[in-house]
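# Observations on chain architecture
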Amino acid sequence: MGTVLLRNFTVNSRKVFVQNSQQCHTGAASTSEILQGSWFSPHQHLHHDQNQGPFLSSTIPLNETPPKKAKVVICGGGMVGTSVLYHLAELGWGKDAVMLEQGRIGGPSTWRGSGFLGGVKLMRSEMNIIRTTKRLARQLAEAGYDTGWKQCGSLHLARTRDRLTHFRKMKAIAEARGTECYILRPEEVEKKCNILSTSDLVGAFWVPKDGVCDPHKFGYSLLKLAREKGGQVVENCPVSRIIVHDSRAVAVETNKGIIECDYVVNAGGLWARKIGQMTEPYVRVPVHPAEHYFLYTYPLDGVDPMMPAIRDPDGNFYIREFNGGFLAGGFEKWAKPTFEEDNFPGYDAVEKREQSEDWDHFYTMLREMLHRIPVMKDAVLGRLINSSCGFSPDNRWILGQAPELTNYFVAAGLKSGGSNAAGGIGSVLAKWIVNGMPPMDAHDLDILRFLPAHNNRRFLLDRVQEVPGIHYSIAYPFPDFQTGRCLRMSPIFPKLKSAGAVFGQVMGYERPSYFEPGGTLQEDYDVENYDVDGKPSAPFKMASTEMWTKPHWFNVVGEEYIACRERVAILDYSSFAKFDIWSKGNEVVQALQYLCSNDVDIPVGGIIHTGMQNSLGGYENDCSLARIAPNHYMMISPSIQQTRCGTWLKRNLPSDGSVVMSDITSMYTAICLMGPLARRVLSELTDVDLSTKAFPFFSFKEIDVGLANGIRAMNLTHTGELGWVLYIPNEYALHVYNNLVSVGKKYDLRHAGYYAMRSLRIEKFYAFWGQDLDSTTTPLECGRGFRVKLNKDIDFIGREALMRQREEGVKRLYVQLQLEDHNPEVDPWAWGGEPIYRDGVFVGITTTTGYGYTLNNQVCLGFIRNYDENGKMTYVTPDYVMSGHYEVDIAGVRYSASVSLRSPSLPTKFPEPQEDRYRATQI
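Residues numbered from 1 in each chain as written. Predicted model: local features only at pLDDT ≥ 70, side-chain atom pairs only at ≥ 80, totals over all residues. Heavy atoms only, no water.

## Structural notes on the overall build of the protein
Secondary structure assignment for the protein yields 20 helices and 46 strands. Split into buried and exposed, the 923 residues of the protein put 62% on the buried side. As displayed, the protein has an accessible area near 35000 Å², and 47% of this comes from carbon and sulfur atoms. (Helix = DSSP H or I, 4+ residues; strand = E, 2+ residues; numbered from the N terminus. Buried < 20%, exposed > 50% of the residue type's maximum accessible area, 1.4 Å probe, protein only. Areas by Shrake-Rupley, 256 points an atom, 1.4 Å probe, with all protein chains shown as cover.)

Right, dumping it as structure tokens:
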């Protein structure tokens, strides 16, 4: 019998051939047995099922049948489901929770993973979750439970300067938040791990207190503890239906009976989307599986058990020591989807999750592994496993309360990182269920960030090919995808392409980021602007900013910015979320007074900017409300809030149907005409008096433009500049656009995109939800207290919390910072997420940043906190903010900055009237 050595690999037509075989120790498996995987098991500490592998049911007694009733039913017995059960048990709900697994508990296909614990994430919610998981594994190990925890450190390798800059940004934020970490030179990398080849490295990122675990041991310990506290677990128990009544899941139907319940948790892994389809209406869980490879080797002499957990993102792979050998895997640039025909295996064939080995596809990652760790060529192959793992459309985890049902929670899209994220996600969901609200803001991971369109199977199949490769990509500014594009387009999309638009995608919408020179302003109906044979006449261009320094689009965006401030520009605002809310009588006014912290009982034709707060005073929605009629409002919200806003309204409007809400986002094309000459352009196309007296700022009128009617015109721009946003019924959109462009030519009208709009609003100190504001931010913290009407006759959600905060004080304040010693020509730019220091002490993070073309400087927005000697947040005052010396850390270099709590007064050729001037902030 012979075993295969990973040695002397040669390449022929992208195929890897094993050249050497040799006799192994007595009783070793044959080559065919090893390659089939029937002999080798990396988890030999568990009892072994002859046919299916190791399972926990042979060592932990489980329930034979599910209970008739439970508070929480968890669908899925993988790492996440087990973590949810454990944390519910810790919170005292153990006896009231049951976890169902369609196959066997603890099988290799459900509890397999790299076991990496730690790493650094730029996104705070992700960082909190992986920290929680790492802390849990370490604490359980210290308490005597076997989790396989080893504090071996994590080593992230950089082959390029851009990658090293990315690591420097990670180090800056991680260090500010208390994580010990270092940037290493290549020679220092070799000292940390002497089996690495470092000749092509420019450096590395070292996190010494990171570690690894054994996913099976970790899961075993969590399940054992959950069972000890009453948690119920049933295996071989597939879910067939989730029964819904009055927008709530009331029972779960299985092959072993029906369980009445108060909450359902969908932790089904790559089956999560299928489980979502077991309700009526469907719960949309946008996850699709793709191949992911795990390579195990036999023990090898010289492999240090405390070898660091290594990530080589430029080589698209990771590797660690495991049982004396190596465990390696990777995220290839373009992945292969699995189950393309939607033919997922059932509970009686869960092992079919594993796909056939594809050495051709694995070759590129294997080549990089052998290059980085030459000694790996001498390792004896254990098994190459090709397993299906579920990926979300944006490569981020999915968790939270589903929009379709009020008591249905989701935890999915963990890729292959269940061991690194499961502990934290289980903690978040358990606290969310028990306490009725999430323990932290996680809007960037919340399932509410998706639309129904994101759950389209063909879209997911297209997107999942690209998503795994994003995992190890450099986090350049404004990242986007190449797949799943041209999904949502406004009617003027072909015109914008012809004008040179370079598009970014938000909520599926193609939105111009900027316009390349050479585009044409076409105001006629030339057929060449349209698709004739299925192909666009003008090329579709996708925005990309693959640099950390001054971007290549800087000058063209500057010209667009100048047009917005000094002449006139046209922008596509169609992606903004739009809702109509109405009633027969005064019910809509009373309902919105309850939902909004500002006073919405304004005259017909008025517009009010308001927040919708949660019970803690944080922003659940940040919107503008136009009063169309006494009993009719139009709401405008940020693009990314379309699902979130609609869900919040649906759950908080009167349940008797007296107030009706309709999502009209796709019914209107929104064109913003911005700039001091906007009035002149629009005046030539409408009979409505556009004077300041007749049509003041922050007011609404329904007008005609050209030959089109029924256009909702709002005198605001969302950036502080002069202008109008025209909400045009889609059938009139091209007509209105063509007329605006035709008239605008004599005023030197220019197209402008999102990047110019972003610079305008940052320079004017405007906060945007999802970038600056979230569900934990209150109006008093961001200078919007003047928009909160605490003396309204009708109580509103969050009023009590805001009154208390007004009396006690705030613990953070929103500021604008201007860099003072930063050279934008050569220095790395601030792109958001940079630490802010006051008198040398870390006090906050930049939220959004941009270049102020009028201020001629980099501008950063963010929140300032005040930490006492024990590291606890205490109250912040304007005097405290203004008295300090500030620095912003950009990739490890601190730049001095001036601070302001107010919107700056910008010089302009067309001063706007100060009376009734819209204020972004007021402290």
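Next comes the rest of the description.
## Quick word on the pattern of salt bridges
Counting across every chain of the model gives 43 salt bridges. Note that Lys-134 is salt-bridged to Asp-210, the shortest N-O span being 2.9 Å. Highlighted residues: Lys-134 in helix H3 (residues 124-142) and Asp-210 in the loop between strand E12 (203-207) and strand E13 (211-212), separated in sequence by 76 residues. Taken individually, Lys-134 and Asp-210 each receive the classification buried, so the pair is uniform in this respect. Residue Asp-314 is joined to Arg-163 by a salt bridge in which the shortest nitrogen-to-oxygen separation is 3.0 Å. Taken together, the residues Asp-314 in the loop between strand E19 (309-312) and strand E20 (317-322) and Arg-163 in helix H4 (residues 161-176) connect sequence positions 151 residues apart. Each of Arg-159, Asp-200, Asp-312, Glu-368 and Arg-372 takes part in salt bridges that share partners, so that together they form one network. (Salt bridge = Lys/Arg side-chain N within 4 Å of Asp/Glu carboxyl O.)

## What about the sheet that holds strand E11 (residues 182-184)?
Spatial strand order, E11-E12-E10-E19-E20-E21-E18-E23-E22: nine strands in an open sheet with mixed pairing. What marks the edges here is a single partner per strand, and that holds for E11 and strand E22 (354-355). Where E11 lies against E12, three bridges are found, and the strand directions are antiparallel. Bridge pairing links Ile-183 to Phe-205 in E12. Across the sheet, helix H8 (residues 359-372) touches strand E10 (154-158), strand E18 (288-297), E19, E20, strand E21 (325-330) and strand E23 (381-391), and the angle it forms with E18 is around 45 degrees. (Pairing = 2+ DSSP bridges. Contact = heavy atoms within 4.5 Å. Axes fitted to C-alpha atoms, helices over the stretch in contact; angles between N-to-C directions.)

## Concerning the nonpolar core
Judged by nonpolar contacts, the single largest core of 56 residues is most densely connected at Ile-74, Ile-129, Val-265, Ile-425 and Leu-429. Those residues in contact with Ile-425, other than ones at most four positions away along the chain, are Val-80, Ile-129, Trp-397, Ala-411 and Leu-414. Counting 44 residues, the second largest nonpolar core, distinct from the first, contains Ile-474, Val-557, Leu-760 and Tyr-853. (Core = buried A, V, L, I, M, F, W, Y, C linked by side-chain atoms within 4.5 Å.)

## Let's talk about the pairing of E20
Judged by how many residues are buried, E20 sits mostly within the fold: six of six residues are covered. Here E20 shows two buried faces, one formed by Phe-317, Ile-319 and Glu-321 and the other by Tyr-318, Arg-320 and Phe-322. Looking at chain direction, E19 and E20 are connected through three bridges and run antiparallel. When the bridges of E20 are listed, Ile-310 appears paired with Ile-319. Where E19 folds back on E20, the antiparallel hairpin that results is connected by four residues, among which Asn-316 adopts a positive phi of roughly 65 degrees. Strand direction decides the pairing type here: E20 and E21, joined by six bridges, are antiparallel. Each bridged residue has a counterpart across the sheet, and for Phe-322 the counterpart in E21 is Gly-325. Taken together, E20 and the strand that follows it, E21, pair antiparallel across an intervening segment of two residues, in which Asn-323 is found at a positive phi of about 55 degrees.

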